[in-house]
Every structure is written in structure tokens, then in C-alpha cells.
Amino acid sequence: VDGFIIVRTRCKDTRIDYLLDREVPFTVFGRTDEPVNFPLVDEDGDYGMRLIAEHLVRNGHTRIACIAPDPELAFSTQRLNGLRTGLAQFGVTLSDEYIRIGDLTHASGYEHGSALLDLPVPPTAIVAGNDLMAFGAMSAVQERGLVVGRDIAITGFDDTPMAEHSHPPLTTVNQPVYIIGGMVCEMLIKLIRNEFIEDKQIILKPSLVIRQSCGCLPEKRQKIS
């Protein structure tokens, strides 16, 4: 093996330590909590979640829940912190009872979405840490005869191909994984060839793709500017 691409980085990632110690060429899609001395490409998940927070609050939501991935995954911490920060800027608190930890699957989104909807005071919006969990939460909402985007807002993260064609189409944060994959591959080839890499750490700014699943609360929209 000439080199590796590391994905789904952990906060403390022993794979990266192992490869650094043995001086094996590698590049990374993601970051860690440790000092960065290796080539990587990542998206600013903190910023992406702040975009979601602002959009939901400006549309009248204050009871906002989150189905977050495993906190051992570095991007999970970044996204959850971004949501907290974004809500706090508008005086909204992300309550502990509204936080659930999922495993990035549809089944997990359904399970935790159901639990959130069964609370005595359920949230009016659910922010999922990825699109698959958002789809699961949408299924939980629809199973109860509620309408996604009207009775409860749901958002995802990644903008997978399914997001545009789900029912309703999913509001999500765009993550250009195809482009990122090409970038980390090009970096790795240069490493293997001992060629110069001009930018070794690239952090991309995401964009919010607004579709029907987030809905809005028209009667409250003017209360927050």
C-alpha cells in the first residue's frame, strides 16, 4: 500500500498517530482535537449548523432538538457546538432533553425522532446530524399523521442525492463530498510523489440548501429579526 485516506476522524484518532509514527503517506477528510500536522480537507460543520440555527429561529422555532452522531466522531462535536452557538446568538438554549445521540442511520433517526415526539412538550424542529437520520425522523413524524414542514421542521446535513427527492424534499447543509474526495486524492498522490502541496489544510465553507422539510411558522416569523 502506497498511502491511505482517513475518513470519519475521531477526536483522538489512533489511525493518524499510527501512520505519522511510521511515516506512511496519508491524507484526511476531517479533523481531530489534536494538533494538525498532516494534509486534510474538511468542511466547517460548526458554521453549517449555525446557518441552520439562524434559519430555524428566524422562522419562529425556539423548541429545537438535535439528533447528533457519536461524540467520538470529530465532526459530531463540531456540528453540535455550532448548533448551540448559533441558537445562543438568538437567546435560544439547546436543552439537554432535546439532545439524542444516534449512529448516522435511518433506523437511529426514526428511534430518536420518535422519542422526541413522545416528550410531554415535543420540539417544533429536529436538527439531524446527517441526512439519513433526518429521513428516519421524518418517518417517525409521518407515522403519527403529522406533516413534515407544517407540524414540525426537520433538517439534515450532507445534501445527499436522496435529499432533493425525499417527501418532502429535505432542508440540509451541502457538503460536496465528490469534490472533497478528489482533493484528498490529489493531495495523497502528491505526497507519494514527494511533490509540494501548496495548501495542506483546507476548510470549506458550506451552504444551506432550503427545501420544504423545514417549513416555517408564519404567525411567529416577525417576532425575531
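Residues numbered from 1 in each chain as written. Predicted model: local features only at pLDDT ≥ 70, side-chain atom pairs only at ≥ 80, totals over all residues. Heavy atoms only, no water.

Undergrad: Outline the overall build of the protein, listing residues and values.
TA: Along the protein, the regular secondary structure elements total seven helices and 10 strands. A compact globule built from 225 residues would reach a C-alpha radius of gyration of about 17 Å, and the protein, at 19 Å, matches this within 12%. Oriented by its inertia axes, the alpha-carbon framework of the protein measures out at about 60 × 35 × 30 Å. Considering only intrachain contacts with a sequence separation of at least 6, the fraction spanning at least 24 residues in the protein is 68%. Element-wise, carbon and sulfur atoms account for 53% of the exposed surface of the protein, whose accessible area totals about 11300 Å². (Helix = DSSP H or I, 4+ residues; strand = E, 2+ residues; numbered from the N terminus. Rg over C-alpha atoms; globule rule 2.2 N^0.38 Å. Contact = heavy atoms within 4.5 Å. Areas by Shrake-Rupley, 256 points an atom, 1.4 Å probe, with all protein chains shown as cover.)

Undergrad: Any chance you could break down the packing of helix α4 (residues 106-117) against helix α5 (residues 131-143) for me, citing the residues and the numbers?
TA: Contact geometry of α4 with α5 gives a least axis separation of 6 Å together with a crossing angle of 45 degrees. Classed by the angle they form, the pair α4 and α5 counts as oblique. For the element pair α4 and α5, the recorded crossing hand is right-handed. On α5, the residues touching His106, Ser108, Gly109, Tyr110, Gly113, Ser114 and Leu117 of α4 are Leu132, Met133, Phe135, Gly136, Ala137, Ser139, Ala140, Val141 and Glu143. A breakdown of the residues in the contact of α4 with α5 according to their chemical character gives eight nonpolar, seven polar and one charged. (Axes fitted to C-alpha atoms, helices over the stretch in contact; angles between N-to-C directions. Parallel < 35°, antiparallel > 145°, perpendicular 65-115°, else oblique. Left-handed = near helix turned anticlockwise from the far one by under 90°. Nonpolar A, V, L, I, M, F, W, Y, C, P; charged D, E, K, R; others polar.)

Undergrad: I'd love a proper account of the pattern of salt bridges, names of residues and values included.
TA: Taken as a whole, this structure holds 10 salt bridges when the rule is applied. When the shortest N-O distance is used, the salt bridge between aspartate 42 and arginine 31 registers 2.7 Å. Of the two residues, aspartate 42 is situated in strand β3 (residues 40-43) and arginine 31 in the loop between β2 (26-29) and β3; the sequence distance between them amounts to 11 residues. Residue classification places aspartate 42 among the buried residues on the basis of a relative accessible area of 4%. Linking aspartate 44 and lysine 205 is a salt bridge whose minimum nitrogen-to-oxygen distance equals 3.4 Å. Here aspartate 44 is found in the loop between β3 and α2 (45-58), whereas its partner lysine 205 is found in the loop between β9 (201-204) and β10 (207-209), with 161 residues between them in sequence. Using a relative accessible area of 15% as the deciding quantity, one classes aspartate 44 as buried. Overall, the relative accessible area of 57% leaves lysine 205 in the exposed class. (Salt bridge = Lys/Arg side-chain N within 4 Å of Asp/Glu carboxyl O. Buried < 20%, exposed > 50% of the residue type's maximum accessible area, 1.4 Å probe, protein only.)

Undergrad: Quick one: what's the story with the sheet that holds strand β7 (residues 153-155), residue by residue and with numbers?
TA: The four strands are arranged β5-β4-β6-β7 in an open sheet whose pairing can be described as parallel. Whereas interior strands pair on both sides, the edge strands pair on one side only; in this sheet they are β5 (99-101) and β7. Strand after strand, the sheet turns through a mean of 15 degrees between neighbouring axes, direction not considered. Where strand β6 (residues 125-128) meets β7, three bridges bridge the pair, whose relative direction is parallel. For isoleucine 126, the partnering residue across the bridge sits in β7 and is isoleucine 154. Contacting β4 (64-68), β5 and β6, helix α3 (residues 74-88) crosses the sheet at an angle of about 170 degrees to β4. (Pairing = 2+ DSSP bridges.)

Undergrad: A description of the sheet that holds β3 should follow, citing residues and the corresponding values.
TA: Strand pairs in the sheet, formed through backbone hydrogen bonds, run parallel or antiparallel to each other. Ordered in space as β1-β2-β3-β9, the four strands form an open sheet in which the pairing is parallel. Only two strands of the sheet have a single neighbouring strand rather than two, namely β1 (4-6) and β9. Averaged over neighbouring strand pairs, the angle between their axes works out to 15 degrees when direction is ignored. Judged from the four bridges that link them, β3 and β9 form a sheet pairing that is parallel. Among the inter-strand pairings, glutamate 43 is bridged to a residue of β9, identified as leucine 204.

Undergrad: Kindly report on the environment of leucine 208, identifying the contributing residues and their values.
TA: Residue placement: leucine 208 occurs in strand β10. Setting aside anything within four residues of it in sequence, one finds leucine 208 in contact with Leu51, Ile52, His55, Thr171, Thr172 and Val173.

Undergrad: Give me the lowdown on the layout of surface pockets, citing residues and values where you can.
TA: Approximately 370 Å³ is the volume attributed to the largest pocket. In terms of lining residues, the largest pocket is bounded by 21 residues, among which Phe29, Arg79, Asp158, Gln175 and Val177 are the most central. Counting residues per element, the ones that place at least two in the lining of the largest pocket are α3 and α7 (177-192). Here the lining of the largest pocket gets three residues from one element, more than from any other, and that element is α3. Its residues placed into classes, the lining of the largest pocket shows nine nonpolar, six polar and six charged. (1 Å grid on protein atoms, 1.4 Å probe; cavity = no way out; pocket = protein on both sides within 12 Å on 5 of 7 lines; lining within 4 Å. Points joined across faces, edges and corners; volume = space filled by probe spheres on them.)

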